[in-house]
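The lines below spell out each chain.
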Amino acid sequence: MSMIGEYLRVTAAELDRAIQDPEWALAFAEEVQDAEEETEPGPAEARHFSTYKTWDMLRFLLARAEFPVNVVHGEEAFAEDEDWGYGPPRYVRPERVRLAAEVLRATSYGQLVSGVDPAELTSAEVYPLGWSDVGALECGRPWYDGLTEFFEAAARADDAMLVWLG
């Protein structure tokens, strides 16, 4: 089984409900995922986004760049593991989503990977491994760009974000 980075945009009211009722939040996340699998909206229109297996690579690159918001794992836990996948789900409050969107927009993927040797990812055991392949660092570009669009749309709507590894 693969570890997949998952995100769900939620309104302030939905975030409050998720914190109070994590089972509702899981069912809601699954409902949105199922609905969007059929329509496949772009990151700016979607409520659900996934970074697939690039989540750990992005975590490594963003940590290296001293990114001010934990967009890969979320910032505050709101539930026990409860069938969400690998570890408990977390959330990012709307004001932190806005900050993340600003910094993501100001930081190009080229800036993130500038000076990075793929061997650093291998020695840090960044999931899913295989960083010695030619062009391995480029695999994260479309997911980073999509994540940037997704956070920008959430910031414009004043949404919060649920984050988990599924």
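In case you missed it, the structure is sitting above this.
The structure contained in this document is the topic of the report that follows.

Calculation rules
Throughout this document, residue positions are counted from 1 along each chain, in the order its sequence is written. Since the coordinates come from a predicted model, pLDDT governs what is reported: local features require at least 70, and pairs of side-chain atoms require 80 or more to be given and counted, while whole-chain, interface and lining totals use all residues. Derived side-chain values reflect all non-hydrogen atoms in the structure, with water molecules and hydrogen atoms excluded from consideration. Exposure is judged per residue with a 1.4 Å probe applied to protein chains only, and the accessible area is read against the type maximum: over 50% gives exposed, under 20% gives buried, and values in between give partly exposed. In this description a helix means any DSSP run of H or I spanning at least four residues, a strand means any run of E spanning at least two, and both kinds are numbered starting from the N terminus. Two strands are said to pair when DSSP picks up at least two bridges between them. What makes a nonpolar core is a set of buried Ala, Val, Leu, Ile, Met, Phe, Trp, Tyr and Cys residues whose side-chain atoms join them at distances within 4.5 Å. In what follows, residue pairs with any heavy atoms lying within 4.5 Å of each other are defined as contacts. To estimate how far a helix should extend, the number of its residues minus one is multiplied by 1.5 Å. Geometry of aromatic contacts follows a simple scheme: Phe, Tyr and Trp rings, the Trp one being its six-membered ring, pair when their centres are within 6.5 Å, and the pair is stacked under 30 degrees between planes, edge-to-face over 60, tilted otherwise.

### What about the pairing of strand β2 (residues 48-52)?
Of all five residues making up β2, four are buried, and the element is well covered by its neighbours. Here strand β1 (residues 5-10) pairs with β2 via four bridges, running antiparallel. Paired with leucine 8 across the strands is histidine 48, a residue of β2.

### Considering the nonpolar core
Of all hydrophobic cores here, the largest spans 37 residues; its most connected members are Tyr7, Val71, Phe151 and Met161. Of all the elements in the fold, those that place two or more residues in this core are α3 (55-64), α4 (94-106), α5 (109-113), α7 (141-156) and β5 (160-165). With residues up to four places along the chain from it excluded, the contact list for valine 71 reads Tyr7, Leu62, Ala100, Leu147, Phe151 and Val163. Residues Phe28, Phe78, Ala160 and Trp164 belong to the second largest nonpolar core, which totals 17 residues.

### Examining α7
For α7, which comprises 16 residues, the first-to-last C-alpha distance of 23 Å matches the rise-based estimate of 22 Å (1.5 Å per residue) to within 8%. Every buried residue of α7 is accounted for by Tyr144, Gly146, Leu147, Thr148, Phe150, Phe151, Glu152, Ala153, Ala154 and Ala155. Its buried side turned inward, α7 meets β1, β2, α3, α4, α5 and β5.

### Comments concerning the sheet that holds strand β3 (residues 76-77)
Note: strands within a sheet are paired through backbone hydrogen bonds, in either parallel or antiparallel orientation. Across the sheet, which stays open at both edges, the five strands sit in the order β2-β1-β5-β4-β3 with antiparallel pairing between neighbours. Either end of the sheet is taken by a strand with one partner, and the two such strands are β2 and β3.

### Description of the pairing of β5
Most of β5 sits out of view: six of its six residues are buried. Burial along β5 is two-sided: Ala160, Leu162 and Trp164 facing one way and Met161, Val163 and Leu165 facing the other are all buried. Examined bridge by bridge, β1 and β5 share six bridges and lie antiparallel to one another. Across the sheet, residue tyrosine 7 finds its bridge partner in β5, namely valine 163. As judged from the three bridges shared by strand β4 (residues 90-92) and β5, these two strands associate in the antiparallel manner. By the bridge assignment for β5, tyrosine 91 is matched with leucine 162.

### Here's the deal with helix α2 (residues 22-39)
Look at α2: 26 Å from first C-alpha to last across 18 residues, which is about the 26 Å you get at 1.5 Å a residue. Turning to α2, its buried residues are Pro22, Trp24, Ala25, Leu26, Phe28, Ala29, Val32, Gln33 and Glu36. Downstream of α2 by one or two residues, glutamate 40 has phi in the positive range, about 50 degrees.

### Quick look at the side chain of threonine 51
Considering the arrangement of structural elements, one finds threonine 51 in strand β2. With residues near it in sequence (within four places) discarded, threonine 51 still touches Gly5, Tyr7, Leu58, Trp143 and Leu147.

### Here's the deal with the packing of aromatic side chains
For the structure shown, the criterion picks out eleven aromatic pairs. Geometrically, the ring pair formed by tyrosine 7 and phenylalanine 150 is edge-to-face, given 6.5 Å between the ring centres and 65 degrees between the ring planes. Note that tyrosine 7 is positioned in strand β1 and phenylalanine 150 in helix α7, a separation of 143 residues in sequence. Overall, the relative accessible area of 0% leaves phenylalanine 150 in the buried class. Between tryptophan 84 and tryptophan 164, the aromatic rings sit 5.0 Å apart at their centres with planes inclined by 75 degrees, giving edge-to-face as the arrangement. Residue tryptophan 84 is located in the loop between β3 and β4, and its partner tryptophan 164 is located in strand β5; the two are separated by 80 residues in the primary sequence. Considered together, tryptophan 84 and tryptophan 164 belong to a single accessibility category, that of buried residues.

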